[in-house]
Amino acid sequence: MENHYSDIELLQFYKDNGSLGFQRLVIQFQERVYWQIRRLTKNHQDTEDVMQNVFIKVWKALPKFKGESALFTWIYRITFNEAHTFLTKRNKIRSVDLDPPIFENKLIVEGHSYTGDEMEVIMFKAIDSLPEKQQHVFRLKYLDDLKYKEIAQLLNMSEGGLKANYHHAVKKIEAFIRHY
Amino acid sequence: MSKEDNILNKLKKTEKVSVPNDYFDTFFSNLKLNENDTSFIETLPKNNKPEVSTEFFETFLTEILTKLDKPKKGKIISLKSILISVASIAAVVSLLFLMTNLFQTDRIVEIEYNTEEYLAFVDLDESDYIDFIIENNISIDDEIEELDEELLYELYSELDTYYYEL
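Residues numbered from 1 in each chain as written. Chains lettered and ligands numbered in written order. Predicted model: local features only at pLDDT ≥ 70, side-chain atom pairs only at ≥ 80, totals over all residues.

Peer 1: It is not clear to me how the packing of helix 7 (residues 148-155) of chain A against helix 8 (residues 159-179) of chain A should be interpreted in this structure. Could you clarify?
Peer 2: Two quantities define a packed helix pair, namely the angle between the axes and the distance from one axis to the other. Residues and elements named next belong to chain A. The N-to-C vectors of helix 7 and helix 8 enclose an angle of 100°; their axes lie 9 Å apart at closest approach. When the axes of helix 7 and helix 8 are compared, the pair comes out roughly perpendicular. Between helix 7 and helix 8, the residues in contact are Tyr148, Lys149, Ile151 and Ala152 and Glu159, Leu162 and Lys163, respectively. A class-by-class count of the residues in the contact of helix 7 with helix 8 yields four nonpolar, no polar and three charged. (Axes fitted to C-alpha atoms, helices over the stretch in contact; angles between N-to-C directions. Helix = DSSP H or I, 4+ residues; strand = E, 2+ residues; numbered from the N terminus. Parallel < 35°, antiparallel > 145°, perpendicular 65-115°, else oblique. Contact = placed C-beta atoms within 7 Å. Nonpolar A, V, L, I, M, F, W, Y, C, P; charged D, E, K, R; others polar.)

Peer 1: Whenever I open this one, helix 8 of chain A confuses me. Can you help?
Peer 2: Three or four residues apart is the spacing at which side chains of an α-helix point the same way, because the helix has 3.6 residues per turn. Residues and elements named next belong to chain A. End to end, helix 8 covers 30 Å across 21 residues, agreeing with the expected 30 Å (1.5 Å per residue, within 8%). Those residues of helix 8 lying buried are Leu162, Lys163, Asn165, Ala169, Val170, Ile173 and Ile177. Down the axis of helix 8, the buried side of the element spans an arc of 160°, and every buried residue falls inside it. Among the exposed residues of helix 8, those oriented more than 90 degrees off its buried face are Lys171, Ala175, Arg178 and His179. Lining the buried residues of helix 8 we find strand 1 (107-109), helix 5 (116-128), helix 6 (132-143) and helix 7. (Expected span 1.5 Å × (residues − 1). Buried ≥ 20, exposed ≤ 12 C-beta atoms within 10 Å, placed from the backbone. Arc of directions from axis to C-beta.)

Peer 1: Looking at this structure, how should I read the interface of chain B and chain A?
Peer 2: Size of an interface: often given as the accessible area lost when the parts come together. Across the boundary between the two partners, chain B contributes 22 residues, which contact 26 residues of chain A. Counting residues per element, the side of chain B that touches chain A draws most heavily on helix 3 (residues 54-69) of chain B, which supplies seven residues. Residues that form the side of chain B that touches chain A fall into these classes: 14 nonpolar, four polar and four charged.

Peer 1: Sorry, what's going on with the nonpolar core here?
Peer 2: Nonpolar side chains tend to gather and get buried jointly when the protein is soluble and globular. Counting 32 residues, the largest nonpolar core has Val33, Met51, Phe72 and Ile75 of chain A as its most contacted members. Of all the secondary-structure elements, those providing two or more residues to this core are helix 2 (18-41), helix 3 (44-61), helix 4 (71-89), helix 6, helix 7 and helix 8 of chain A together with helix 3 of chain B. When residues in this core are grouped by element, the largest group, seven residues, is from helix 2 of chain A. Both domains that furnish three or more residues to this core are identified here as domain 1 (7-89) and domain 2 (107-179) of chain A. (Core = buried A, V, L, I, M, F, W, Y, C linked by C-beta atoms within 7 Å. Domains from an automatic or database assignment.)

Peer 1: I'm lost on the confidence of the model for chain B in this one. Help?
Peer 2: Detailed reading of the predicted coordinates is not advisable wherever pLDDT is low. All names here are of chain B. Residue-level pLDDT values for chain B average 70, and 48% of them are 70 or greater. Of all the helices and strands in chain B, helix 5 (residues 115-121) carries the lowest mean pLDDT, 53, while helix 3 carries the highest, 89. Segment residues 162-166: pLDDT under 50, and one contact once partners within four positions in sequence are set aside and those in other chains are kept. The complex model carries a pTM of 0.61, and its ipTM stands at 0.78. (pLDDT = per-residue confidence, 0-100.)

Peer 1: Can you help me understand the packing of helix 3 of chain A against helix 3 of chain B in this one?
Peer 2: For the pair helix 3 of chain A and helix 3 of chain B, interaxial distance at closest approach is 10 Å and the crossing angle is 55°. As the angle between them shows, helix 3 of chain A and helix 3 of chain B are arranged oblique. Relative to helix 3 of chain B, the crossing made by helix 3 of chain A is right-handed. Here Gln52, Phe55, Ile56 and Trp59 of chain A of helix 3 of chain A lie close against helix 3 of chain B, whose contacting residues are Glu63, Ile64, Lys67 and Leu68 of chain B. Taken together, the residues of the contact of helix 3 of chain A with helix 3 of chain B break down into five nonpolar, one polar and two charged. (Left-handed = near helix turned anticlockwise from the far one by under 90°.)

Peer 1: Would you mind going over helix 7 of chain A with me for this structure?
Peer 2: All names here are of chain A. Taken residue by residue, helix 7 has Ile151, Leu154 and Leu155 as its buried positions. Looking straight down helix 7, one finds that the buried residues subtend no more than 80° of arc, so they occupy a single side. Against the buried residues of helix 7 lie helix 2, helix 4, helix 6 and helix 8. Backbone geometry just downstream of helix 7 places Asn156 in the positive-phi region, at approximately 55°.

Structural data, given as structure tokens:
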């Protein structure tokens, strides 16, 4: 990641100059936020709408941010809430082309056959069952294909800790899928 | 106790063994895992991510800043709707007032009075009125049907008093 700033640096930028600090925050996190939303909305158009709502909310809430979690974790929670609110309100009849599932069709897992859509649903349920930190690590590593170094910067964690979290997450998800 | 303290104090400890600085940070990554120990999850074939133009992320920031800079539009209040509401409420209140007044026309006691007599006692107070009745020997029996019981009682009491005083 180019020009990655730590949370402390970003917050200092914001404190010195609100607008400039916010701009750097948007540049740093926009792609991560985008893919999180798109995984739920399944199309670019809706993702764009939700993304705007997310960053407007971030702008309004930033003065109240207490630093009890990493900035990315905080922004992720806002993203999650906004995306789900949007999906609840959105018209179910969509004329937009939806993205294909994450997984290819006709998967054979532990002797069972699944379509790509089915496996995606099961995977998301499995991820939701994890503790929050493991959820973030797993999504960023498995779904977004980020390197441990990049994830460590986002979540303010050590790489060793990340690897341990990811390993535990994988084992839990395996068990979830087997028993589903 | 003090004996034990003395013993402990006398014991000389050697320096704690040192551990390399980043040992625990790199511990996990240095673990030699079984090569076959790869999760089936990591072998699941995935579709390619949808493509997003790089322009989108370049222009997104500008769009957001433009939205945040835009002043909020003032609300336009429709006078028409307010006038209609006020007029409706006024109409209902007037109607209710009218209806309650219409039903309050009872209890008008119609007493037929001789015009002269009426004119004669219209300015009288109560005691004068009683005196007038007695002096003129007016029978109030015909008129008593509509009169209040209390007033009747008072009239008769006055009459009685008058007769007792005679």
